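Structural description and commentary
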Amino acid sequence: MEADGIIESILFAAGEPFPIPRLMALLDLSREEVLAAARRLGDRYSYEHRGIRLLVLEDALQLGSAPEYADWVRRALDTRKPARLSPAALEVLAIAAYFQPVTRTYIEQIRGVDSSYTVGLLVEKGFLEPCGRLDAPGRPMLFRTTAAFLRVFGLSSLEELPSYGDAPEIAGEDLQALAEGLAEVRD
Amino acid sequence: MDDLTFRLPGLKRTRGETADFEGPLSLILQLLSRNRVEIQDIRIGDILDQYMAWLAGMERMDLEVTGEFITMASYLLYIKARTLLEGTREVEELDELISSLEAQKRKETLERMKLAAEWLGGRSGLGEGIFIRAQEPIDGPPEYRAHSPALLLRALGEITGREREAAALPRTVPVPAPLAYSIRDKSDEILLRLRDRGRVSLAELFAESRSRSELTAAFLSVLELYRAEQIGLLDTENGLEVLAAPAADPAGDRDGGNAHGS
């Protein structure tokens with residue numbers, strides 16, 4: 001299909017994660033059609049043991065090298081494996097991933113310790129990015145996770161994060177019951 | 001509100017035991033404020049259902065009872081909402097209760113996040129082997145892209161064309177050789193002239209020069225000869241005259257001229 005080739009060209013030239021909505025507008029395709037084209041391309045790369053892979057990162061597509069040839073690439077480019085993230089960095093990332101957008105203060109409230117250095121480090125590494133300011137005194141900066149975060153942790157979407165606890169769902173039930181009760185009172 | 005009691009099954013006491021609750025709404029608030037029951041276990045929907053059933057049984061709305069119920073229920077709802085949504089406003093009466101609930105909520109969230117961090121830590125190697133590249137710098141001036149190889153050929157043609165033009169030009173351009181008039185020659189000439197004629201006017205000497213070079217040579221020769229005391233100069237009415245001898249000519253004085261001696 002022609003769309004497959006066009007998407008492949010765009011992703012090659014763009015390098016960085018390319019937004020799916022822009023591909024939809026460019027090619028006049030639905031989201032499902034773009035994702036189907038991406039799946040076809042990705043399947044072909046894997047099936048033919050090609051050196052590139054197509055990554056779906058939430059709302060964007062990106063081309064990357066095949067992880068099974070990573071050692072060859074490292075030897076060719078003389079790079080070493082990146083250092084593992086510290087437990088503190090992983091905690092901050094988890095809080096940001098589950099509750100984003102979050103302020104640094106919110107992260108510190110949950111962790112109970114100063115987290116400014118870790119937040120700065122994660123922004124520097126490209127795992128967190130600023131995304132506006134909270135409409136509160138001091139207008140603190142809001143942070144969210146990036147496409148690089150999804151890529152490094154092998155995720156296609158934040159929805160793949162496991163669920164721990166179900167407090168928000170209880171709230172949902174209660175509010176629904178309350179709304180129904182109030183409607184009855186009004187009647 | 002004495003005649004309206006609520007029954008909430010399975011309320012959790014803080015010590016871990018679970019018990020049913022039966023009593024008026026104000027008792028629930030009291031127990032809550034003393035941390036005797038967990039706000040998470042109180043289902044607002046159940047309370048509302050029971051109240052609605054009670055109201056239906058009365059077949060009329062008692063404003064006093066209803067008002068009390070609404071006050072109590074709204075407090076309860078407020079605490080519950082605060083717990084679940086982690087709001088930021090404060091209610092003085094329930095500050096302690098709320099802060100303890102918040103602390104508990106934070107603790108639970110941190111425990112969940114530690115689990116999530118552990119899960120993420122186990123996956124951090126998954127994407128390490130995927131290398132990506134940055135976007136090509138394609139924002140440069142467009143004329144530096146999309147060139148045809150024929151342009152190179154044309155540029156080469158222009159170079160050879162220029163070479164042909166250069167070859168067509170004469171190899172050497174005749175440049176008039178400077179007529180270097182030697183001061184020594186000119187000095188000899190002046191001395192010869194003076195030996196014949198005794199004196200000659202400076203203006204005549206210069207007027208005879210056929211070129212700038214000869215004129216310069218004549219001027220410099222006169223200066224050199226005068227410095228070497230080979231000639232003398234006499235200021236006359238017709239201008240300076242060059243004399244054959246350096247010694248002041250008595251005739252000069254006689255003529256009223258001044259011999260230049262320095």
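Coordinates for the structure precede this section.
All of the points below concern the structure found in this document. (Residues numbered from 1 in each chain as written. Chains lettered and ligands numbered in written order. Predicted model: local features only at pLDDT ≥ 70, side-chain atom pairs only at ≥ 80, totals over all residues. Heavy atoms only, no water.)

This part covers the overall build of chain A. Scanning chain A from terminus to terminus reveals 9 helices and 6 strands. Counting all 187 residues of chain A, 37% fall into the buried class. (Helix = DSSP H or I, 4+ residues; strand = E, 2+ residues; numbered from the N terminus. Buried < 20%, exposed > 50% of the residue type's maximum accessible area, 1.4 Å probe, protein only.)

Residues and elements named next belong to chain A. Here helix 2 (residues 20-27) has its buried residues at I20, L23 and L27. On an axial view of helix 2, the arc spanned by its buried residues comes to 55°, and they lie on one face. Where helix 2 ends, the next residue or the one after it, D28, has phi of about 55°, a positive value. (Arc of directions from axis to C-beta.)

So, on to the interface of chain A and chain B. Tallying the contact residues gives 51 residues for chain A and 37 residues for chain B. Approximately 3,900 Å² of surface area, both sides summed, lies buried where chain A meets chain B, with 66% of it carried by carbon and sulfur atoms. Between chain A and chain B we count 1 salt bridge in total. The shortest N-O distance in the salt bridge between K114(B) and E91(A) comes to 2.9 Å. Of all the elements in the fold, those that place two or more residues in the side of chain A that touches chain B are helix 1 (2-14), strand 3 (60-65), helix 4 (70-77), helix 5 (87-99), helix 6 (104-111), helix 8 (147-152) and helix 9 (167-186) of chain A. The element contributing the most residues to the side of chain A that touches chain B is helix 9 of chain A, with 10 residues. Class assignment for the residues of the side of chain A that touches chain B results in 31 nonpolar, 9 polar and 11 charged. (Contact = heavy atoms within 4.5 Å. Buried area = accessible area lost by both parts, 1.4 Å probe. Salt bridge = Lys/Arg side-chain N within 4 Å of Asp/Glu carboxyl O. Nonpolar A, V, L, I, M, F, W, Y, C, P; charged D, E, K, R; others polar.)

Residue and element names in this part refer to chain B. Between helix 6 (residues 183-197) and helix 8 (residues 212-227), whose axes approach to 8 Å, the crossing angle comes to 70°. Classified by the interaxial angle, the pair formed by helix 6 and helix 8 is roughly perpendicular. With respect to the hand of their crossing, helix 6 and helix 8 are arranged in right-handed fashion. Across the interface between the two elements, I183, K186, S187, I190 and L191 from helix 6 touch E214, A217, A218, L220, S221, V222, E224 and L225 from helix 8. Split by residue class, the contact of helix 6 with helix 8 holds 8 nonpolar, 2 polar and 3 charged. (Axes fitted to C-alpha atoms, helices over the stretch in contact; angles between N-to-C directions. Parallel < 35°, antiparallel > 145°, perpendicular 65-115°, else oblique. Left-handed = near helix turned anticlockwise from the far one by under 90°.)

A word on the pattern of salt bridges. Residue and element names in this part refer to chain A. Applying the stated criterion across every chain, the model contains 19 salt bridges over all chains. A salt bridge links R74 to D71; the nearest nitrogen and oxygen atoms lie 3.3 Å apart. Of this pair, R74 and D71 are both found in helix 4, 3 residues apart, which corresponds to roughly one turn of the helix. Overall, R74 belongs to the buried group, its relative accessible area being 9%. In this structure, E129 engages R144 in a salt bridge whose closest nitrogen and oxygen atoms are separated by 2.8 Å. Remark: R144 occurs in strand 6 (residues 141-145) and E129 occurs in strand 5 (residues 128-133); sequence separation between them is 15 residues.

Let us now look at the packing of aromatic side chains. Counted by the stated rule, this structure contains 4 aromatic pairs over all chains. Within the aromatic cluster, the residues linked to one another by ring pairs are F127(A), F149(A) and F153(A). When the ring centre of W72(A) is taken as origin, the NZ or CZ atom of R75(A), which lies over that ring, is 4.5 Å away. A cation sits over an aromatic face here: R133(B) above F12(A), 4.8 Å from the ring centre. (Phe/Tyr/Trp six-rings, centres within 6.5 Å; stacked < 30°, edge-to-face > 60°. Lys NZ or Arg CZ within 6 Å of the ring centre and 35° of its normal.)

Residue and element names in this part refer to chain B. There is a patch of nonpolar side chains on the surface, built from I183, F219, L220 and L223 and spanning about 330 Å² of accessible area. With 3 residues, the single largest contributor to the nonpolar patch is helix 8. Its place among the elements puts L223 in helix 8. L223 sits in the partly exposed class, given a relative accessible area of 45%. (Patch = residues over 30% accessible without salt bridge, like charges linked within 9 Å, V, L, I, M, F, W, Y side chains within 5 Å. Areas by Shrake-Rupley, 256 points an atom, 1.4 Å probe, with all protein chains shown as cover.)

Residues and elements named next belong to chain A. Strand order across the open sheet formed by 3 strands is 1-3-2, with antiparallel pairing between neighbours. The open sheet has two edge strands with one neighbour each: strand 1 (18-19) and strand 2 (52-57). Lying over the sheet, helix 1 contacts strand 1, strand 2 and strand 3, oriented at roughly 70° with respect to strand 3. (Pairing = 2+ DSSP bridges.)

All names here are of chain A. Note the cis peptide between Q100 and P101, where omega equals 0°. Assignment of secondary structure puts P101 in the loop between helix 5 and strand 4 (102-103). Of note in this structure, H49 is not a glycine but carries a positive phi near 55°. Considering the arrangement of structural elements, one finds H49 in the loop between helix 3 (31-47) and strand 2. Assessed through its relative accessible area of 58%, H49 is described here as exposed. One non-glycine residue, E58, lies in positive phi territory at about 55°. Looking at the secondary structure, you find E58 in the loop between strand 2 and strand 3. Given a relative accessible area of 32%, E58 falls into the partly exposed group.

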